[in-house]
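Report on the structure
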Amino acid sequence: MKKHDVIIFRPFSFTVGQKLHIDGGPRSGDWEVIGVSDRKVKLRCPVSLREFEWNRFCYFVEERSGVVWPQGKE
């Protein structure tokens, strides 16, 4: 059987209180997880304090320690 390079995606397991930075796309920026259900995740912007509830959409890429959050615009 022929072998290929394959990219594996796994749904991210959100936890209330997590600080996120989404890099790219229409939801890019800093967010705090404020609610989680089987199908939805509710996020709050730490700057505007606006809240949004979306279908789960994120996939884990990387976790960093010691990161300034929220990043803001410099």
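Everything here concerns the structure above.
Quick summary incoming for the structure in this document. (Residues numbered from 1 in each chain as written. Predicted model: local features only at pLDDT ≥ 70, side-chain atom pairs only at ≥ 80, totals over all residues. Heavy atoms only, no water.)

**Some details on the overall build of the protein chain**
From N to C terminus, the protein chain includes zero helices and four strands. Against the compact-globule benchmark of 11 Å for 74 residues, the protein chain has a radius of gyration of 15 Å, which places it well outside the compact range. With respect to the principal axes defined by its C-alpha atoms, the protein chain has extents near 55 × 30 × 25 Å. In the protein chain, which comprises 74 residues, the share counted as buried stands at 20%. In the protein chain, once contacts between residues fewer than 6 apart in sequence are set aside, the share between residues at least 24 apart is 25%. Carbon together with sulfur atoms contributes 49% to the accessible area of the protein chain, which is approximately 6,600 Å² in total. (Helix = DSSP H or I, 4+ residues; strand = E, 2+ residues; numbered from the N terminus. Rg over C-alpha atoms; globule rule 2.2 N^0.38 Å. Buried < 20%, exposed > 50% of the residue type's maximum accessible area, 1.4 Å probe, protein only. Contact = heavy atoms within 4.5 Å. Areas by Shrake-Rupley, 256 points an atom, 1.4 Å probe, with all protein chains shown as cover.)

**Regarding the environment of V6**
For V6, the location among the structural elements is in the segment before β1 (19-22). By relative accessible area, which is 61% here, V6 ends up exposed. It is 34 Å that separates the C-alpha atoms of V6 and C45, two residues lying 39 residues apart in sequence.

**Some words on the side chain of D30**
Along the polypeptide, D30 turns up in strand β2 (residues 29-36). Relative accessible area serves as the criterion here: at 12%, D30 is assigned to the buried category. A polar contact is formed between the side chain of D30 and the side chain of H21, at a distance of 2.8 Å. (Polar contact = N/O pair within 3.5 Å; in protein donor to acceptor, adjacent residues only side chain to side chain.)

**Details of the packing of aromatic side chains**
In this structure the tally under the stated criterion is four aromatic pairs. Ring geometry for W31 against F52: centres 5.7 Å apart, planes inclined by 85 degrees, an arrangement best described as edge-to-face. Here W31 is found in strand β2, whereas its partner F52 is found in strand β4 (residues 51-55), with 21 residues between them in sequence. Plain terms: the ring middles of F52 and W54 are 5.2 Å apart, the flat faces sit at 5 degrees to each other, and that makes the pair stacked. Put simply, the rings of W31, F52 and W54 touch in pairs and so form one group of aromatic residues. A cation sits over an aromatic face here: R27 above W54, 4.5 Å from the ring centre. (Phe/Tyr/Trp six-rings, centres within 6.5 Å; stacked < 30°, edge-to-face > 60°. Lys NZ or Arg CZ within 6 Å of the ring centre and 35° of its normal.)

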